[in-house]
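Overview (structure and organization)
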Amino acid sequence: MSQREYKFVIAASGASGAIYGRELLRAIASSVPGESSLIVSAAALRVYNQELKGTLRTPEEYLDANLNGIASDKRVHSFRILDHADIGAKAASGSTPSDGMIICPCSMKTLAGIAHGYTSNLIERAADVCLKERRRLVVVPRETPYSLIHLRNMTQLTEAGGIVLPGSPGFYQNPRTLDDLGRFIAGRILSLFDIHHSLYEGWEGED
Ligand SMILES: Cc1cc2nc3c(=O)[nH]c(=O)nc-3n(C[C@H](O)[C@H](O)[C@H](O)COP(=O)(O)O)c2cc1C
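Residues numbered from 1 in each chain as written. Predicted model: local features only at pLDDT ≥ 70, side-chain atom pairs only at ≥ 80, totals over all residues. Heavy atoms only, no water.

1. With respect to the side chain of Glu 124
Relative to the elements of secondary structure, Glu 124 occurs in helix α5 (residues 122-132). For the buried Glu 124, no salt bridge exists, and the shortest N-O distance to an oppositely charged side chain is 4.0 Å, to Lys 109. Not counting the four nearest positions on each side in its chain, Glu 124 is found in contact with Lys 109, Thr 110, Gly 113, Ile 114, Tyr 118 and Thr 119. (Helix = DSSP H or I, 4+ residues; strand = E, 2+ residues; numbered from the N terminus. Buried < 20%, exposed > 50% of the residue type's maximum accessible area, 1.4 Å probe, protein only. Lys, Arg positive; Asp, Glu negative; His and termini not counted. Salt bridge = Lys/Arg side-chain N within 4 Å of Asp/Glu carboxyl O. Contact = heavy atoms within 4.5 Å.)

2. Points about the pattern of salt bridges
The full count for this structure, using the stated rule, is ten salt bridges. We note a salt bridge from Lys 132 to Glu 133, for which the minimum N-O separation is 2.8 Å. Here Glu 133 falls in the partly exposed class, since its relative accessible area comes to 33%. Several salt bridges converge on common partners, so that one network encompasses Arg 22, Glu 23, Asp 179, Asp 180 and Arg 183.

3. Concerning the site of the ligand
With respect to spatial proximity, 15 residues lie near the ligand, and among them Gly 14, Ser 41, Ser 107, Met 108 and Thr 110 are the closest. Note that an oxygen atom of the ligand is positioned 2.6 Å from one of the backbone N or O atoms of Gly 14. Taking 640 Å² as the accessible area of the ligand by itself, protein coverage stands at 70%. Elements supplying a minimum of two residues to the shell around the ligand: α2 (42-51) and α4 (108-115). If you tally residues by element for the shell around the ligand, the top one is α2, at four residues. Grouping the amino acids of the shell around the ligand by side-chain chemistry returns four nonpolar, seven polar and four charged. (Near = heavy atom within 4 Å. Polar contact = N/O pair within 3.5 Å; in protein donor to acceptor, adjacent residues only side chain to side chain. Areas by Shrake-Rupley, 256 points an atom, 1.4 Å probe, with all protein chains shown as cover. Nonpolar A, V, L, I, M, F, W, Y, C, P; charged D, E, K, R; others polar.)

As structure tokens, then:
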């Protein structure tokens, strides 16, 4: 388990890959001490229901469903839910400190908003703040194939200091379940924040 406390802004938007968001929240809840804000778009709820056979209506239900089965005394991280439309929340201000932001999964619509500084909701505004304050911003888009617009937006976001971590899990760790694929993406995200984890066995190469 990580020693220091972390404070993230974590968001889910409406790209396919609800399982990535789920495994990220589960990994942080059970092994990364601290407290984070959580922002969930309406489209993220819709995609979750489609992919994970849910009937979620609210971000509170989204958090509960994702952390289902992790006993409260095993949770080392707490989450405060922020309203997607509340552009006045603390996460929208550069004076609120954080270790960075993770958008998992990240729709191409949200990615476009961030890449162009068009901050029409709290996810986009908090990401904009992260970039201007030079904090780590990791986005997990999932789309295939990419249009030139997607590619340009991902380039622009990278040039502005963000990190694009595509929802493209590796297969060299011999995944057996869909959860294994989700844990791979969650692990790659945690590694970008220098957080040690055992979410998958890394491949260290051959001599
Ligand atoms: C079932 C379903 C799957 C979707 N998958 C994707 C996807 O993989 N990538 C993407 O960029 N958008 C996807 N979308 C479209 C986004 O949800 C849509 O653009 C939405 O407006 C994004 O809003 P948000 O970024 O505010 O969450 C999907 C929508 C639905 C209903």
